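Residues per chain, in single letters:
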Amino acid sequence: MAEERFIQGAISLVAALAIGSFLATCVSRSARKAPVFGARRSHCAECGDLVPVFALVPVLGYVVLRGRCATCGNKIDPLFPLMEAMSAIVVASALIEADWTFSLLTAGGIALGLALVFLGFHDLRTGRLPDVVTLPLLLAGLGCSFAAGPVSPAESIAGAALGGGGAWLVGFAYRRYRGIDGLGLGDVKMIAALGAWVGIGALPLTILMASGGALAVLAGTGIAGKSIARNARISFGPFLAVAGWIAWIAGL
């Protein structure tokens, strides 16, 4: 049994690293407005040389190359090892919580975690939370509540409706008062999706954790002596992603 779990875990983590690499490619190319599919194989943005095959190994390739192109020495985007590592952490934490057994609930949690990794880094890099991910994530959360839990369908529906509606009202009020967007529609949809996954009971704490994290970063930036413009936009997606994953894992 222990050997089977080890093999399952190893395969799962390797798959998570590969998926993380693909997600990083999607984020990188989206930020450059380049096509995700049909583009040439991974290459150096500076000299154009193809990345060596061994360097395509998630995380390890970056470490072996010391974060630089083997040809010209240009820095490799750290987005790739970061997203690869975070994807592996998400999958590992979901499997540990499930005692290394696969179930519909475990699969749903892994899908949620990987989607949050993508959304967090995509918002950080581009300032956008794409509907092509947030809306299916919302529907998947509602579906999971009917199929596997851990929240009931009523809690899931209430979390999505009140979370999304409340976030929209906050954004609307801020825009009317300040004249600028304080909470984008992408954030609203992501909060609604998280409400569907964690339920109405855990959603307030989830938003509180995300808000606390954002405020802590702003405070740290101020302490470091860096000025922040009053109309500066802070990507809220990464904080929602971390808080949402913590809330999901804690609620299992």
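What counts and what doesn't
Residues numbered from 1 in each chain as written. Predicted model: local features only at pLDDT ≥ 70, side-chain atom pairs only at ≥ 80, totals over all residues. Heavy atoms only, no water. Helix = DSSP H or I, 4+ residues; strand = E, 2+ residues; numbered from the N terminus. Rg over C-alpha atoms; globule rule 2.2 N^0.38 Å. Salt bridge = Lys/Arg side-chain N within 4 Å of Asp/Glu carboxyl O. Phe/Tyr/Trp six-rings, centres within 6.5 Å; stacked < 30°, edge-to-face > 60°. Buried < 20%, exposed > 50% of the residue type's maximum accessible area, 1.4 Å probe, protein only. Patch = residues over 30% accessible without salt bridge, like charges linked within 9 Å, V, L, I, M, F, W, Y side chains within 5 Å. Areas by Shrake-Rupley, 256 points an atom, 1.4 Å probe, with all protein chains shown as cover. Core = buried A, V, L, I, M, F, W, Y, C linked by side-chain atoms within 4.5 Å. Contact = heavy atoms within 4.5 Å. Expected span 1.5 Å × (residues − 1).

Visitor: Help me understand the overall build of the protein, please; the structure alone is not making it clear to me.
Guide: From N to C terminus, the protein includes eight helices and zero strands. Ordered by position from N to C terminus, the α and β elements of the protein give α-α-α-α-α-α-α-α. What you see for the protein is a C-alpha radius of gyration of 19 Å, in line with the 18 Å of a compact globule of 252 residues. Along the first, second and third principal axes, the C-alpha atoms of the protein reach 55 × 50 × 40 Å.

Visitor: Which parts of the structure should I look at to understand the pattern of salt bridges?
Guide: Two side chains with opposite charge may pair up if their charged atoms get near one another. Evaluated as defined, the whole model comprises two salt bridges. Between Lys-189 and Asp-131 there is a salt bridge, with the nearest N and O atoms lying 2.9 Å from each other. Within this pair, whereas Lys-189 is found in helix α7 (residues 185-223), its partner Asp-131 is found in helix α5 (residues 131-147), the two being separated by 58 residues in sequence.

Visitor: I'm lost on the packing of aromatic side chains in this one. Help?
Guide: The way to describe two aromatic rings as a pair is by their centre distance and the angle between their planes. Inspection of every chain in the model, using the stated rule, returns two aromatic pairs. Plain terms: the ring middles of Trp-197 and Trp-248 are 5.3 Å apart, the flat faces sit at 80° to each other, and that makes the pair edge-to-face. Here Trp-197 is found in helix α7, whereas its partner Trp-248 is found in helix α8 (residues 237-251), with 51 residues between them in sequence. Classification of Trp-197 by relative accessible area gives buried; the value is 4%.

Visitor: Whenever I open this one, a nonpolar patch on the surface confuses me. Can you help?
Guide: Residues Phe-54, Val-57, Leu-60, Val-63 and Val-64 make up a contiguous nonpolar surface patch of roughly 450 Å² in combined accessible area. Mapped onto the elements of the fold, Val-57 is located in the loop between α1 (2-31) and α2 (60-64). Accessibility expressed as a relative area gives 39% for Val-57, which makes it partly exposed.

Visitor: Explain the nonpolar core to me, please; I cannot follow it from the model alone.
Guide: Ranked by internal contacts, the top residues of the largest apolar core, which has 49 residues, are Met-83, Leu-116, Leu-137 and Trp-245. Going through the elements one at a time, α1, α3 (79-97), α4 (104-126), α5, α6 (153-178), α7 and α8 are the ones with two or more residues in this core. A per-element tally of this core places α7 first, with twelve residues. Among all residues touching Met-83, those that are not within four sequence positions of it are Gly-20, Leu-23, Ala-24, Val-27, Val-117, Phe-118 and Phe-121.

Visitor: How should I be thinking about the environment of Glu-97 in this particular structure?
Guide: As for its position among the elements, Glu-97 is in helix α3. A relative accessible area of 39% means that Glu-97 is categorised as partly exposed.

Visitor: Explanation requested: the environment of Gly-61 in the structure shown.
Guide: For Gly-61, the position within the fold is in helix α2. With a relative accessible area of 1%, Gly-61 lands in the buried category. Gly-61 sits ten residues away from Val-51 along the chain, and the two C-alpha atoms are 9.7 Å apart.

Visitor: How should α3 be read in this particular structure?
Guide: An α-helical segment advances 3.6 residues per turn. Residues three or four places apart therefore align on the same side. With 19 residues, α3 should cover 27 Å at 1.5 Å per step; its first-to-last C-alpha distance of 27 Å lies within 8% of that length. For α3, the complete set of buried residues consists of Leu-79, Pro-81, Met-83, Glu-84, Ser-87, Ala-88, Val-90, Val-91, Ala-92, Ala-94 and Leu-95. One or two residues past the end of α3 sits Asp-99, with phi positive at roughly 60°.

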